[in-house]
Amino acid sequence: MSTRQKFIRNFCIVAHIDHGKSTLADRIIEKTGTVSEREKRDQMLDSMDIERERGITIKLTPVRMFYKYNDIEYTFNLIDTPGHVDFTYEVSRSLAACEGALLVVDASQGIEAQTLANVYLALDSNLEILPVINKIDLPSANTEAVKKEIEDIIGLDSSDAPLISAKEGINIDDVLAQIVEKLPPPCGNENAPLKALIFDSAYDIYRGAICNIRVVDGTVNAGTRILMMSNGKTFEVTEVGVFSPRMVAVPILKAGDVGYIAASIKNVKDTQVGDTITSLQNPALEPLQGYKKANPMVFAGIYPSDGSKYDDLRDAMEKLNLNDAALLFEPETSGALGFGFRCGFLGLLHMEIIEERLEREFSLELITTAPSVSYKVKKTNGEIIAVDNPSKLPPISEIEHIEEPIVVANVFTPAEYIGAIMELCQEKRGVFVNMTYIDTTRVKIEYIIPLAEIIYDFFDALKSRTHGYASLDYESSGYQKNDLVKLDILLNGDICDALSLIVHRESAYTRGRLITEKLCAVIPRQMFEVPVQAAIGTKVIARETVKAMRKDVLAKCYGGDITRKKKLLEKQKEGKKRMRQVGNVSIPSEAFMSILKLDT
Amino acid sequence: MEREREQIAGLYIHIPFCRSKCYYCDFYSIQYDDALADKYIDALISEFFSVCEQFQNLYFDTVYLGGGTPSLLSHRLLSKLLGAIFNSNRLKENCEISIESNPAKGEFYKQCADLKINRLSIGIQSLSDSILNLIGRGHNAREAIQALEIAGKYFDNINADIIIGIPSQTKLDIENTLGLIMPFTKHISAYILKLSDESPMGKKARCSQMHLPSDDLVADMYELAYDKLSMYGFNRYEISNFSVANYFSRHNMKYWACWNTIGIGAAAHSFFNGVRFSNASDINRYMLGESFLTTYDKTLIPDKKELLFEEIMLGLRLESGLDVLSINKKFGIDFLSRFSSVIDRLKGIAEYKDGRYKILSSKMLLESAVAVEFLD
């Protein structure tokens, strides 16, 4: 290890949502004087509007800081991480670029499901974990109990854990001191062939794809000819730099450093996250261990509300994809919705964020179909196919059975909600696995539940039945055969493909009834009566009727002024054009959205 | 030189004055003012003369004084205006001359009759005082009935306007109103209230300070009116217009059949030989000369497709529907094949029979929805 490496600390912060991760990051940045008073703002590392508004972190943002401890200047590289289960993949990426992690736990809430999930990830990556107990200024803070939880559940020594309030700026120096003292410096060889891990990449219209890297061995500077080890592509580095937190060019990055490189890379796909960059002149023999590819768990169709905006939507998707490799999309066509995309997301939050970014950053109006999981369908001819779009399910006669993805769900909850949670899990076809008391008042409940149930309304139901006290984390646990059926929605006798769902046979009736009722309320009356039916195969299981319109009369045409009336009719025609046609029936975009959230 | 063929049109004269604005109205109108009215009548007369000058062979078989509130004009101004028109020798024999009025004092009707006006249209709207108050009409039910009684002494051909679909209106109100006005009238126009966002009531409705009756209730009230009027011999000939025998409005018929009409006055619209044009809606701009002669240059010539749609849109309002043969001839098309898919879609709502394509009587209230289908 070089002497300079002794004074580098690379770390991230893991925490449950709302436990104060971004606030602590802000305080550390302030304390180290990295950002001037003028540039200061809340959630400094969260650059997207959505991140600030929702108070969440989605992308990982690195920042380099200097900290003087016992008269020696240390370089800190903090890599911010997302806290939500959907972004576990991104967390694992930041972990691999660090030697240590701060585990922030809310002193009034204790360990939550995602805290634990992220701690396990950190332990898997052999990170040194430094527990920090936050929000000690709250009246409900119970630091002793939380310390005990950390020791009992995670098995970490928390006796020296800094007791802080990130919001009030209390004891931040303790944290900084422990980072120096307890977290290990990076160990890499500056003289070995270059090995740098790409932990994130982003597209810059002027400089091409930018790689955020952690240099493990060797050095890299402008002019270095680099080789991408996964695909053999070579580039010449045009700039290397660090984040402070804005990008600042530096002459060289050496083993142990965190920074970025730009190399006029036109295609962001050439900067695969997890890939190893080495030097063309003196290549490394082995790449670093990369990441498991993030697999989408949730699928939905995204269509432009206005069919003519398809190309705009495609451009927007491609642009988003540059900075969010986890988003998968491919063109699909729906009889009812026209041209659009089938998209794969890491989870529901990821899906919501993509929708919101498409709408806000690209001013698109969208129609999203009900989220689905990917089913494994065994056909009678022995073939096994994956189906993530219910309307693509083969006819019943060709299906031998259907398997659905299941997850192991961990729910952390105050003990008084055990009953409510068990009831909910049973309703959602959950199978009880285990229950552990964390302490006398808090419990961890483990269930095996079909993922389809989780993405339907499990999270909302959990929050409402536990007044927001329970937290949820889950991980996939393979596939399971179940009695699943396709529920079709028929409008005036025609199947509307965009509304089809795959559901468990037992819940088909309830869902069918709820959907037909809801549709009936949002489909405007047409000149003819419109039957709205839910059916399994040819069997109708629910029916409602949109009554025929009785009156549609516009202004009288007196004094010969017919332009007014014509304009009104043209407007009416425009409105009708914006609607989707299924057979003879016009359906407004809202109808497709209205069935996404059904109150049970 | 061969004499050019005589041309016939309806003449519309717009009187944009109102004493106060009704809360459902967003048409152009201004406060009545004697001096202004004086100047306005002069402008109308000069516009009329310039029309006559431009079209030497143009004759009128209907004249319609609409507004605004034509009944606000003094006897002197009204006779000056009509005198000029009569003296032009451009009116055909048996010309229908209509005037719109609010329930007015007795002498007004006598004066109108003396001026050879032969059709009177009175804006009754409702005979419920609370409703009249709600919509900002300047009269009450008693005054309206009195006006009808007096008018009946001087006119045979009387129309009363009523409105269907006013907030708080009930079927009983429609029934009472019709029952009371039918004995005095030969023609009833029953308009369904359609608020534009800019009218005072429209604004209130938009921010939920006023609740409009449901479409179902409006349809019920309309159907009740239809039944009651039919029972008493008032036949519907247009979606909102009912008349005894052949007391239909010859002037308004021209609009629905897309015949020539010349409109004079501020905000007046004309349709003449396939050309649509309109005057400045602002009275001052109109009087400065932005009238017929100047606007005729800035005309809007609808293309054939537009004219065809207009003809369909207006014709569908008629009980007799569209004259398919005459449309085919006029536009050189085969209506039934050109619109075959629309016609197919509309089966059970509108049908073709005996040379006419019409909305079924029971579906007349779907008029706009049907018309939209014919719009490309």
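Going by the structure above, here's the rest.
Residues numbered from 1 in each chain as written. Chains lettered and ligands numbered in written order. Predicted model: local features only at pLDDT ≥ 70, side-chain atom pairs only at ≥ 80, totals over all residues. Heavy atoms only, no water.

(A) Focus on the overall build of chain A. Broken down by element type, chain A carries 14 helices and 32 strands. Relative to its length of 600 residues, chain A is compact, with a C-alpha radius of gyration of 27 Å against a globular reference of 25 Å. Of the contacts formed within chain A by residues at least 6 apart in sequence, a portion of 68% connects residues at least 24 apart. Working note: accessible area of chain A is about 25300 Å², and carbon and sulfur atoms make up 49% of it. Once the 71 positive and 85 negative side-chain charges of chain A are each reduced to a mean point, those two points are 7 Å apart. (Helix = DSSP H or I, 4+ residues; strand = E, 2+ residues; numbered from the N terminus. Rg over C-alpha atoms; globule rule 2.2 N^0.38 Å. Contact = heavy atoms within 4.5 Å. Areas by Shrake-Rupley, 256 points an atom, 1.4 Å probe, with all protein chains shown as cover. Lys, Arg positive; Asp, Glu negative; His and termini not counted. Charge placed at Lys NZ, Arg CZ, Asp CG, Glu CD.)

(B) Layout of the packing of helix H1 (residues 34-54) of chain B against helix H2 (residues 75-87) of chain B. Residues and elements named next belong to chain B. Packing of H1 against H2 brings their axes to within 10 Å, and their N-to-C directions diverge by 5°. As the angle between them shows, H1 and H2 are arranged roughly parallel. Contacts from Ala-37, Asp-38, Ile-41, Asp-42, Leu-44, Ile-45, Phe-48 and Phe-49 in H1 reach Arg-76, Leu-77, Lys-80, Leu-81, Ala-84 and Ile-85 in H2. Looking at the contact of H1 with H2, its residues break down into ten nonpolar, no polar and four charged. (Axes fitted to C-alpha atoms, helices over the stretch in contact; angles between N-to-C directions. Parallel < 35°, antiparallel > 145°, perpendicular 65-115°, else oblique. Nonpolar A, V, L, I, M, F, W, Y, C, P; charged D, E, K, R; others polar.)

(C) Structural view of a negative patch on the surface. The grouping of A:Asp306, A:Asp312, A:Asp315, A:Glu318, A:Glu359 and A:Glu365 at the surface amounts to a negative patch. For the negative patch, the element with the highest residue contribution is helix H8 (residues 310-323) of chain A, accounting for three residues. (Patch = residues over 30% accessible without salt bridge, like charges linked within 9 Å, V, L, I, M, F, W, Y side chains within 5 Å. Salt bridge = Lys/Arg side-chain N within 4 Å of Asp/Glu carboxyl O.)

(D) How the structure looks around the side chain of B:Ser249. Residues and elements named next belong to chain B. Looking at the secondary structure, you find Ser-249 in the loop between strand S10 (241-244) and helix H9 (250-256). A distance of 3.0 Å separates a polar side-chain atom of Ser-249 from the backbone nitrogen of Asn-252. Setting aside its immediate chain neighbours within four residues, Ser-249 contacts Glu-96, Arg-119, His-187 and Tyr-237. (Polar contact = N/O pair within 3.5 Å; in protein donor to acceptor, adjacent residues only side chain to side chain.)

(E) A look at the pattern of salt bridges. Residues and elements named next belong to chain B. Following the criterion strictly, the structure yields 56 salt bridges over all chains and no others. Where Lys-254 meets Asp-61, a salt bridge forms, and the shortest distance between an N and an O atom there is 2.7 Å. With Lys-254 in helix H9 and Asp-61 in strand S4 (residues 58-67), this pair connects stretches of sequence that are 193 residues apart. Assigned by exposure class, Lys-254 and Asp-61 land together as buried. Glu-175 is paired through a salt bridge with Lys-228; the nearest N and O atoms lie 4.0 Å apart. (Buried < 20%, exposed > 50% of the residue type's maximum accessible area, 1.4 Å probe, protein only.)

(F) Representation of the sheet that holds strand S14 (residues 322-323) of chain B. Residue and element names in this part refer to chain B. The strand order across the open sheet built from three strands is S14-S16-S15, with neighbouring strands paired in antiparallel fashion. Strand pairing shows two members of the sheet lacking a second neighbour, S14 and strand S15 (350-353), which therefore form its edges. Where S14 lies against strand S16 (residues 356-359), two bridges are found, and the strand directions are antiparallel. From the neighbouring strand, Leu-322 faces S16, where its bridge partner is Tyr-357. (Pairing = 2+ DSSP bridges.)

(G) Helix H5 (residues 113-124) of chain A, seen in detail. Residues and elements named next belong to chain A. An ideal rise of 1.5 Å per residue puts 16 Å on twelve residues; H5 measures up with 17 Å between its terminal C-alpha atoms. Counting buried positions along H5 gives nine out of twelve residues, so the element sits mostly inside the fold. Residues Ala-113, Gln-114, Thr-115, Leu-116, Ala-117, Asn-118, Val-119, Leu-121 and Ala-122 constitute the buried set of H5. Following H5 by one or two positions, Asn-126 adopts a phi angle in the positive range, close to 60°. (Expected span 1.5 Å × (residues − 1).)

(H) Representation of H1(B). Residue and element names in this part refer to chain B. Taking 1.5 Å as the rise per residue, H1 with 21 residues should run 30 Å; its terminal C-alpha atoms sit 30 Å apart, in good agreement. Looking at H1, one finds that the buried residues are Leu-36, Ala-37, Tyr-40, Ile-41, Ala-43, Leu-44, Ile-45, Glu-47, Phe-48, Ser-50, Val-51 and Cys-52. Where H1 starts, the residue carrying a side-chain oxygen 3.1 Å from the main-chain nitrogen of Ala-35 turns out to be Asp-33.

(I) How the structure looks around the environment of A:Arg564. With respect to the element layout, A:Arg564 can be found in helix H13 (residues 563-578). For the pair A:Arg564 and A:Gly110, spaced 454 residues apart in sequence, the C-alpha to C-alpha distance is 65 Å. If we ignore the near neighbours within four places in the chain, the residues touching A:Arg564 are B:Asp26 and B:Phe27. A polar contact is formed between the side chain of A:Arg564 and the side chain of B:Asp26, at a distance of 2.5 Å.

(J) Representation of the interface of chain A and chain B within the structure. Listed as interface residues are 28 residues of chain A and, on the opposing side, 42 residues of chain B. Taken over both partners, the interface formed by chain A and chain B buries close to 3500 Å², and the fraction arising from carbon and sulfur atoms is 59%. At the boundary of chain A with chain B, the tally comes to eleven salt bridges. Across the pair B:Glu223 and A:Arg550 runs a salt bridge whose closest N-O atoms are separated by 3.0 Å. Seen at the junction of chain A and chain B, the total is 14 residue pairs in polar contact (both at pLDDT 80 or more). The residue inventory of the side of chain A that touches chain B, partitioned by class, reads ten nonpolar, five polar and 13 charged. (Buried area = accessible area lost by both parts, 1.4 Å probe.)

(K) Summary view of the sheet that holds strand S16 (residues 298-304) of chain A. Residue and element names in this part refer to chain A. With antiparallel pairing, the four strands of this open sheet are ordered in space as S17-S18-S16-S19. Each of the sheet's edge strands pairs with one partner strand only, and the pair in question is strand S17 (328-334) and strand S19 (366-368). If you compare each strand with its neighbour and ignore which way they point, the axes differ by 30° on average. Across three bridges, S16 lies against S19 in antiparallel orientation. Residue pairing in the sheet places Tyr-303 in a bridge with Ile-367 of S19. Each of S16, S17, strand S18 (338-345) and S19 is contacted by H8, which is oriented at about 20° to S18, the strand it contacts most.

(L) View of the packing of aromatic side chains. Applying the stated rule across the entire model yields 26 aromatic pairs over all chains. Look at A:Tyr67 and A:Phe76: their rings are 5.5 Å apart centre to centre, the planes differ by 35°, and that puts the pair in the tilted class. Comparing A:Tyr67 with A:Phe76, the two get one shared label, buried. Each ring, one from B:Phe108 and one from B:Tyr109, has its centre 5.5 Å from the other, and the planes form 75°; the classification is edge-to-face. Taken together, A:Phe11, A:Tyr67, A:Tyr69 and A:Phe76 form an aromatic cluster joined through their ring pairs. (Phe/Tyr/Trp six-rings, centres within 6.5 Å; stacked < 30°, edge-to-face > 60°.)

Purely geometric numbers; function is a separate question.
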